Amino acid sequence: MKSHVQVAVIGGGVVGCSVLYHLTKAGWRDVVLIERDELTSGSTWHAAGGMHTINLDPNVAKLQQYTITLYKEIEAISGQSCGVHITGGLMLAGTNDRLDWLKQAHARGRYLGMQTELVSLDEAARLFPLMEKKYFVGALYDPIEGHVDPAGVTNAYAKGACVGGAEVYRFTLVTDLAQRPDGSWDVVTNKGTIRAEHVVNAGGLWARELGRMVGVELPVLAMEHQYLISDEIPEVKESAKEMLHVIDFEGEIYMRQEGTGMLMGTYERVGVPWSEHETPWDFTHELLPPDLDRIAASLEVGFRHYPPIERAGIKKVINGPFTFAPDGNPVVGPVRARPNYWVACGVMAGFSQGGGVGLALSNWMVDGDPGFDIWAMDVARFGDWATPAYTNAKVRETYSRRFRIRFPNEELPAARPLRTSPVHDRLEQRGAVFGASFGLEHALWFAPKGGEPSEDVTFRRSNAHGPVGQECRAVRSAVGLMEVSTYSKYEVTGPGAEAWLSRLLTNRIAAPSRIVLAPMLNANGKLIGDFTVAKLSNERFYVFGSGVAEHYHMRWFEAQLPTNGVAIRSLRCELTGLSIAGPRSRELLQRVVAADVSNEAFPFLSFCAMDLQMIPAAVGRITFTGDLGFEIWVTADYQRALYDLLVEAGHDLGLCHFGARALHSLRLEKSFGTWAREFRPIYGPFEAGLGRFVNFRKNDFIGREAALKEKEVGPKRRLVSFVVDAAEADCIGDEPVWYDGKVVGWITSGGFCHHIGRSLALGYIPAELTSAESFEVEILGERRRTTLTPRPVFDPAGKRMRG
Ligand SMILES: Cc1cc2nc3c(=O)[nH]c(=O)nc-3n(C[C@H](O)[C@H](O)[C@H](O)COP(=O)(O)OP(=O)(O)OC[C@H]3O[C@@H](n4cnc5c(N)ncnc54)[C@H](O)[C@@H]3O)c2cc1C
């Protein structure tokens, strides 16, 4: 065993071995894998080995596609068979909603280069003769689905890595991890200590324990999972072709051929967590006792839908545990405040996702960037609110919904409400329909008086359409009030604060009492944040950004922080906010402040401390609605008083509450992009239309060189705004954009814009097409006429905002 290595990967399941392989492929050879038993002795060995490309997040879908295509490569390098069976796969829809979902998945797949095909039921039955057509309404065919041998794949990764210089230490248990002052780790094992520059937690079922060794509680939990293997089925035995991989959403069932029978697995509605608090170290190649009663309801559906399986009977039942994150996606990346400690866990579909996870993590470690958009898998998407009890509630929900549709407007109920702001109950009394953002409840829209504060879930316009329209019109014609506590807020202080912010952000830091808009780039010149920065004094700044990216940004900020002269802290809900927007918002503010807030005294992008009657606040002249507006920030103890004051003072001005849905509609009218939709780390600032906030005349900043190159060469693609000829469904994001019969881009967000009465969307297209006008976007399987609008459809000159 080596005593000093560059990387110690802990865990010899499919994920750890994939990470090891990808590190050697990227050129890092001084890497070892430490496994407490034989390889595969966690959840990997008893997996059904099924693989498919479809995922709600297209970026994860892309990684799944990569994983499947990787098997040939690792077989060739390692000489180890992966037992790959590319049978093709069918996803069967039993309802029209599910068919809509499949159409959407098919459309999204287009710009990812996926070859899926919507097929008729006759065709589906020809491809998979075990099915009863009458239970279905449609199907999607994917030619690259199938199954693999889990042990073969894991060993092929490991052997391939060893060919590249890695070493694998089996039967070696990591018992502790201790960080040295230089940031390297002492990896303490039962066979001695290895000093590693980097540690990767790929502990699968024991990822939590490996997290606790460094004081981190990772949001993962194992669930019991069962599949059965049928006895011989004559139709299978006699078939000239291997049976397809099949997903039947109605029965929460997946299937593939196993020998001359079928393997059928199912996700039960009331799943059972395994080892809720701690995973036993002596659990190795073991199975859990089967409990067919728990999956009886799904099996009945399965037997009805596939009568030959029922006729054959059950030969064997497997019950084994595997881990999930609260949202079902992997948990990957560097962990905040734990330098050189990386995670690759919560991978619930190791044979579809393991390759992509290994690639992303190794890129990140070697190049400092995962190389593609992995926001949906980033460990930083969870905050410290994702406690074990939260994770437990959410994972049960995720497991129970594994094959259920998540509608674009659907807010899932488990573990809510958890974080609430002081005005939560006030908003509730007003009929607010809530969503959760980074664990914090916030109003999405308000049901009219006497109406039910709940939303129908649908791919089309919902019952919120009318009320959201009212909210938008009230903002544009009078004044609206919205809570904005979900934004992230950071306080940056110290003599070095300004220089540090200026090195981090692309724009020049504003003068005192002013706000500036400033993107943040990584060294490759890609967008990793967009902020508004307010200068309170020479040594004190507020930085506002996207709430969901709080940990993501804090991880970056802390990693860039000098040892002295600057301090940063997230204000979370210490600082809470209300925003007022619309042509009468100034009148409202003026009624409650002594200061002059006229346009001359308090112009656009001002930021000042101000008392609103008895309430000390900081007020910014800015709003994301694109209208005249103000954001008012107070410590949490004042938020209710502030709310009551504004509601009372605004009553005769036509004050209306508005929520996140209306804000979305209003910002689309102004072509304003937002974090995690238009702005993500795969786009440069010029592509994203943020070039005017990149100041090359100021001091050096991270990403400057790459941004300059982007500017000089010219962006390859551009963020543009479209007016969509939509029917009853608007764009929601990830729809393909067609031009001249070809898919040329994708939508990042869309929706109905009530003030202008049109459906709009934002999306990326090749730069050379920005002067074209007529495009199409594919919504629920239909290509809708779409017109590019070079300027925002609302107030293109920004007179309202600035006036
Ligand atoms: C019944 C069942 C069916 C499944 N079917 C499929 C399927 O069809 N398709 C699919 O893609 N996925 C399937 N899965 C899920 C799949 O098994 C997981 O996605 C995959 O195994 C996750 O691999 P992993 O490497 O993250 O974790 P694990 O396999 O749990 O590996 C973690 C490894 O880390 C080691 N380890 C942990 N702590 C230490 C330590 N302190 N020191 C040394 N070593 C340590 C463990 O011994 C273990 O070998 C199924 C799972 C089950 C249970």
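Report on the accompanying structure. (Residues numbered from 1 in each chain as written. Predicted model: local features only at pLDDT ≥ 70, side-chain atom pairs only at ≥ 80, totals over all residues. Heavy atoms only, no water.)

This brings us to the overall build of the chain. A tally of regular secondary structure across the chain gives 20 helices and 39 strands. Taking 2.2 N^0.38 as the reference for a compact globule, 803 residues should give roughly 28 Å; the C-alpha atoms of the chain span a radius of gyration of 27 Å, in line with that estimate. Principal-axis analysis of the C-alpha atoms gives the chain an extent of 80 × 65 × 50 Å. Every one of the 803 residues in the chain was classed for burial, and the buried ones make up 63%. (Helix = DSSP H or I, 4+ residues; strand = E, 2+ residues; numbered from the N terminus. Rg over C-alpha atoms; globule rule 2.2 N^0.38 Å. Buried < 20%, exposed > 50% of the residue type's maximum accessible area, 1.4 Å probe, protein only.)

This brings us to the pairing of strand β15 (residues 253-258). In terms of burial, β15 is largely enclosed, as five of its six residues are buried. Across three bridges, the pairing between strand β14 (residues 245-248) and β15 is antiparallel. For V246, the partnering residue across the bridge sits in β15 and is M255. In terms of strand pairing, β15 meets strand β16 (residues 261-266) through six bridges, oriented antiparallel. (Pairing = 2+ DSSP bridges.)

Another aspect to go through is the site of the ligand. Around the ligand, the surrounding shell holds 39 residues, and the nearest of these are E35, R36, T44, V347 and G350. At 3.4 Å, a backbone N or O of G42 approaches an oxygen atom of the ligand. Between L205 and the ligand, the recorded distance is 3.3 Å, taken from a backbone N or O atom to an oxygen atom. Relative to its free-state accessible area of 1000 Å², the ligand is covered by the protein chains to the extent of 98%. Only α1 (14-25), β13 (221-230), β18 (314-324) and α10 (350-367) provide two or more residues apiece to the shell around the ligand. (Near = heavy atom within 4 Å. Polar contact = N/O pair within 3.5 Å; in protein donor to acceptor, adjacent residues only side chain to side chain. Areas by Shrake-Rupley, 256 points an atom, 1.4 Å probe, with all protein chains shown as cover.)

Let us now look at the environment of Q226. Structurally, Q226 can be placed in strand β13. For Q226, a relative accessible area of 0% gives the class buried. Excluding anything up to four places from it in sequence, Q226 contacts G265, T266, E268, P290, D291, L292, R294, I295, V317, I318 and N319. Polar contacts involving the side chain of Q226 include one to the main-chain amide nitrogen of D291, which spans 2.9 Å. (Contact = heavy atoms within 4.5 Å.)

So, on to the packing of aromatic side chains. The full count for this structure, using the stated rule, is 37 aromatic pairs. Summarising the aromatic geometry, the rings of Y542 and F544 are spaced 5.9 Å apart at their centres and angled 75° between planes, so their arrangement reads as edge-to-face. Each member of the pair, Y542 as well as F544, carries the same accessibility label: buried. When the centroid spacing of 6.1 Å and the interplanar angle of 50° are considered together, the rings of F544 and F607 count as tilted. With a gap of 63 residues between them, F544 in strand β27 (residues 540-545) and F607 in strand β30 (residues 607-612) connect regions that are remote in the sequence. (Phe/Tyr/Trp six-rings, centres within 6.5 Å; stacked < 30°, edge-to-face > 60°.)

A word on the environment of S665. On the secondary structure map, S665 appears in helix α18 (residues 660-669). Non-local contacts of S665, meaning those with residues more than four positions away in its chain, are made with C472, F752, C753 and H754. Within the structure, S665 has its side chain in polar contact with the backbone nitrogen of H754 (distance 3.5 Å).

Take the sheet that holds strand β31 (residues 615-620) next. As a general point, the strands of a sheet are linked pairwise by backbone hydrogen bonds and lie either parallel or antiparallel. Ordered by their spatial adjacency, six strands build an open sheet running β30-β31-β32-β29-β23-β33, and the pairing between neighbours is mixed. Both edges of this open sheet fall to β30 and β33 (655-657), since each of them pairs with a single strand only. Ignoring strand direction, the axes of neighbouring strands in this sheet form an average angle of 30°. Bridge count between strand β29 (residues 575-581) and strand β32 (residues 629-635): seven bridges; the pairing is antiparallel. Looking at the pairing, T576 lines up with V634 of β32. Sitting on the sheet, helix α16 (residues 585-592) is in contact with β23 (479-483), β29, β30, β31, β32 and β33, with an inclination near 40° to β32. Along the sheet face, helix α17 (residues 639-650) touches β23, β29, β30, β31, β32 and β33 and points at about 10° away from the line of β29. (Axes fitted to C-alpha atoms, helices over the stretch in contact; angles between N-to-C directions.)

Let us look at the pattern of salt bridges. In the structure shown here, the tally under the stated rule is 49 salt bridges. E252 is the salt-bridge partner of R404, the closest N and O atoms lying 4.0 Å from each other. Separated by 152 residues along the polypeptide, R404 in the loop between α11 (388-400) and α12 (424-429) and E252 in the loop between β14 and β15 bring together distant segments of the chain. Looking at E252, the relative accessible area reads 2%, which means it is buried. In this structure, E550 engages R572 in a salt bridge whose closest nitrogen and oxygen atoms are separated by 3.3 Å. Taken together, the positions of E550 in helix α15 (residues 550-560) and R572 in the loop between β28 (567-570) and β29 put the pair 22 residues apart, joining distant regions of the chain. The class of E550 is buried, set by a relative accessible area of 7%. The network of salt bridges with common partners includes E224, E268, D291 and R294. (Salt bridge = Lys/Arg side-chain N within 4 Å of Asp/Glu carboxyl O.)

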